[in-house]
Amino acid sequence: MIPHNQQLATVILQRIDELASISEVTGAITRTFGTEAFIKGRSLVAQWMQQAGLQTHIDNIGNVRGRLPCPTPGAKTLVIASHIDTVFNAGKFDGPLGVLTGLVLIEQLIEQKKTLPFHIELIGFSDEEGCRFHTTYLGSKVVAGQFDNNLLGKQDAAGNTLGDVIKAMGGNTDLLSNDAITAANWLGYFEIHIEQGPVLYEKHIPVGIVTAIAGQKRIALTFKGEAGHAGTVPMHMRNDALCAASEFILEAERFAASHMQQVVATVGTLNIPNAASNVIPGEVSCTLDLRSPSQQVLNSCYTYLEQLGSAICQRRKITFDWQLVQESKPVNCDANMNRLLANAIRQTGYDVINLVSGAGHDAVAVSAISPVTMLFVRCYKGISHNPLENVELKDLAAAVDVSAAFINSLIQKYNKG
Ligand code: GLV
Ligand code: MN
Ligand code: MN
């Protein structure tokens, strides 16, 4: 199968590379919410949207938004989106691929002078990863009218509040709710994203449909013991916070691994304040990221792991603190939109494969208000959140072919009324 849109895929890749060159650090891609690099990257995307002829603006949470309006009074809006923020030391495709593929799809519609029965809005969400404020989907929550103003007081590692960062970027925190697309105006939400897992790669299939997105809970843990002299305190008299944390981390791994792939558990950060090689660690803080497509499994694992941590700490005479910092429920993609997407895949000549996403996506926030559908694109060995992330040109071209067919089928459907 030779995909048609290789030229458009080349344009997407060039833009992905250009955006990836804008980073907070040299030699790696890091573009977290509200930083100078983020603002520069966002301006570049806004410039591309403007050049394409979209009605472009930056909203109050920092999303970059471009609208292709349709003339029909009362028409709804199809949102095509993904995010432009990144994790630390990221790959270049997670997020930007969806925004910049959306852009060429819209450019193609403009070139073909298609009359639309709905508005199309392309959005580069400002924060999906949640790396700076430890809370995800900030941009999409605003657009979906799901943003909780209590989040404005959250602080980053340097003590800046989210509210202050929004203001420094030129946003008005009092006007966030004005940026929502109201329920009646959503036609649907379409997100194109790399799979970030190995299934498509192993099955030699370029694209797949997302049926559901796993629920997640993120927990902040603190283990408090007693700092002491590494040379003088006998082993049996220690309250070593790092040993307690380590026992918990390994037990959590063993527990999740024994759960028949129904849950994944990750301790992704570990902080030892005042660490020194000759000091028994008195305090350790870390984060636990827990995910499952089943809410029931997620809840029971959450409870089990909290009790496990508490039991380990009791035995080791360590104070244990467990704080839920964020959660989202498992989400199903819309069956009707997925059917159209499956038809588009078949029509383009590929096998249809359904996938459950373990990764979170902006579609989760939007699903509270609109039907959502997602197309996954194969990435090299499923590697993501890693500079080795890679997507082949022909797979990107296949994604363009399928997405164009999908949007055309939506246009036909709504033209028929
Ligand atoms: C976002 O990439 C997440 O799933 O953590
Ligand atoms: Mn992503
Ligand atoms: Mn990501």
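Residues numbered from 1 in each chain as written. Chains lettered and ligands numbered in written order. Predicted model: local features only at pLDDT ≥ 70, side-chain atom pairs only at ≥ 80, totals over all residues. Heavy atoms only, no water.

Some points on the nonpolar core
Buried together is how nonpolar side chains tend to be arranged in soluble globular proteins. This is how it is decided: Side-chain atoms within 4.5 Å are what join buried Ala, Val, Leu, Ile, Met, Phe, Trp, Tyr and Cys residues into a set we call a nonpolar core. Throughout, exposure labels follow a simple rule: accessible area from a 1.4 Å probe, protein chains only, divided by the maximum for the residue type, with under 20% read as buried, over 50% as exposed, and the rest as partly exposed. Helix numbers and strand numbers start at the N terminus; a helix is a DSSP run of H or I with at least 4 residues, a strand a run of E with at least 2. It only takes one pair of heavy atoms within 4.5 Å for two residues to be counted as in contact.
Within the largest apolar cluster, 77 residues are counted, with the highest numbers of intra-cluster contacts made by L97, F147, L162, L375 and F406. When residues in this core are grouped by element, the largest group, 12 residues, is from helix α11 (residues 393-415). Ignoring anything within four residues of it in the chain, the contact list for F406 reads F190, M337, L340, L341, A344 and T373. With 26 residues, the next largest nonpolar core counts I219, L221, Y302 and C313 among its residues.

Concerning the packing of helix α3 (residues 96-111) against α11
Note the cut-off: What counts as an axis is a line fitted to C-alpha atoms, over the stretch in contact for a helix, and the angles between N-to-C directions run from 0 to 180 degrees. If an angle is under 35 degrees, it is roughly parallel; if it is over 145, roughly antiparallel; if it lies from 65 to 115, roughly perpendicular; otherwise it is oblique. Rotating anticlockwise by less than a right angle from the far helix to the near helix defines a left-handed crossing, while the corresponding clockwise rotation defines a right-handed one. Residue classes follow a fixed rule: Ala, Val, Leu, Ile, Met, Phe, Trp, Tyr, Cys and Pro count as nonpolar, while Asp, Glu, Lys and Arg count as charged, and any other residue, Gly among them, counts as polar.
The interhelical angle for the contact between α3 and α11, taken along N-to-C directions, is 55°, at an axis separation of 10 Å. When the axis of α3 is compared with that of α11, the two are oblique. The element α3 and its partner α11 pack so that their crossing is right-handed. Residues L97, T101, V104, L105, Q108 and L109 of α3 form the contact with α11, whose participating residues are L396, V400, S403, A404, I407, N408 and I411. Its residues assigned to classes, the contact of α3 with α11 comprises 9 nonpolar, 4 polar and no charged.

Quick notes on the coordination of the manganese ion (ligand 3)
Rule in force here: The donor definition counts N, O and S atoms within 2.8 Å of each metal and applies 3.2 Å to Na, K and Ca; water is not among these atoms, so some sites may look incomplete.
Protein-derived coordination of the manganese ion (ligand 3) comes from D94 (OD), E129 (OE), E129 (OE) and H385 (NE2), at a distance range of 2.1 to 2.6 Å. Positions of the donor residues of the manganese ion (ligand 3), expressed as sequence spacing, correspond to D-x34-E-x255-H. Taken as an interatomic distance, the gap from the manganese ion (ligand 3) to the manganese ion (ligand 2) is 3.6 Å; D94 donates to each of them. With E129 in the loop between β4 (119-125) and α4 (138-143) and H385 in the loop between β15 (372-377) and α11, the pair connects residues that are 256 residues apart, well separated along the chain. Assessed through its relative accessible area of 44%, H385 is described here as partly exposed.

A few points about the pairing of strand β11 (residues 283-292)
For a regular strand, side chains alternate in direction, first toward one face of the sheet and then toward the other. So the rule is basically this: Only strands that DSSP links by at least two bridges are regarded as paired with each other.
The element β11 is largely enclosed, with a buried count of 7 among its 10 residues. Bridge analysis of strand β7 (residues 215-224) against β11 gives 10 bridges, and the strand direction is antiparallel. In the strand pairing of β11, T222 is matched with S285. One ladder, built from 7 bridges, connects strand β9 (residues 264-271) with β11; its direction is antiparallel. Across the sheet, residue V264 finds its bridge partner in β11, namely R291.

Description of the site of ligand 1
Selection rule: Whether a residue is near a molecule or strand depends on its heavy atoms: it is near if one of them lies within 4 Å of it. Any N or O atom pair separated by 3.5 Å or less is treated as a polar contact, with the protein-specific requirement of one donor-capable and one acceptor-capable atom, and with residues adjacent in sequence counted only for side-chain atom pairs.
Every residue near ligand 1 is listed here: E128, E129, R218, R291, A359, G360 and H385. Side-chain polar atom of E129 to an oxygen atom of ligand 1: 3.0 Å apart, as the coordinates give it. Within the backbone of G360, one N or O atom sits 2.6 Å away from an oxygen atom of ligand 1.

Remarks on the pattern of salt bridges
Stated formally: In the sections that follow, a salt bridge refers to a side-chain nitrogen of Lys or Arg positioned within 4 Å of a carboxyl oxygen of Asp or Glu.
Tallied over the full model, the rule gives 15 salt bridges. A salt bridge links R254 to E251; the nearest nitrogen and oxygen atoms lie 3.1 Å apart. Residue R254 and its partner E251 are located together in helix α7 (residues 241-257), separated by 3 residues, close to a single helical turn. Here E251 falls in the partly exposed class, since its relative accessible area comes to 26%. A salt bridge links R291 to D289; the shortest N-O distance between them is 2.7 Å. The two residues R291 and D289 agree in class, both being buried. Where salt bridges share partners, they join D59, R65, R67 and E121 into one cluster.

So, the domain arrangement of the protein chain
The cut-off we apply is this: Throughout, the edges of the domains are those of an automatic or database domain assignment. Using a 1.4 Å probe, buried area is obtained as the accessible area two parts lose upon being combined, added over both of them.
In terms of domains, the protein chain is made up of domain 1 (4-213 + 331-415) and domain 2 (215-328). Each of domain 1 and domain 2 was reduced to a C-alpha centroid, and the two centroids are 34 Å apart. Buried surface at the junction of domain 1 and domain 2, summed over both partners, amounts to about 630 Å²; 41% is from carbon and sulfur atoms. Counting across the domain 1 and domain 2 interface gives 2 residue pairs in polar contact (both at pLDDT 80 or more). Looking at the side of domain 1 that touches domain 2 residue by residue, the classes come out as 5 nonpolar, 5 polar and 2 charged.

Regarding the coordination of the manganese ion (ligand 2)
Every protein donor of the manganese ion (ligand 2) is listed here as H83 (NE2), D94 (OD) and H193 (NE2), and their distances to the metal cover 2.0 to 2.2 Å. Read in sequence order, the donor residues coordinating the manganese ion (ligand 2) give the pattern H-x10-D-x98-H. H83 sits in the buried class, given a relative accessible area of 0%. On the basis of relative accessible area, H193 is assigned to the buried category, the value being 1%.

Description of the sheet that holds strand β12 (residues 319-328)
Two pairing modes exist for strands in a sheet, parallel and antiparallel, and in both the strands are linked by backbone hydrogen bonds. Taken together, 4 strands build an open sheet; the order of strands is β9-β11-β7-β12 and the sheet is antiparallel. Either end of the sheet is taken by a strand with one partner, and the two such strands are β9 and β12. In this sheet, adjacent strand axes meet at a mean angle of 20° when their direction is disregarded. The strands touched by α7 are β7, β9, β11 and β12; relative to β9, the strand with the most contacts, the crossing angle is about 160°. Of the strands in this sheet, β7, β11 and β12 are in contact with helix α8 (residues 295-316), which crosses β12 at around 165°.

Some thoughts on the environment of P96
By the secondary structure assignment, P96 is in helix α3. Judged by relative accessible area, P96 falls into the buried class, the value being 2%. Expressed as a C-alpha distance, the spacing of P96 and D240, which sit 144 residues apart in the sequence, is 43 Å. Discounting chain neighbours no more than four positions away, the residues touching P96 are L19, R31, H83 and T101.

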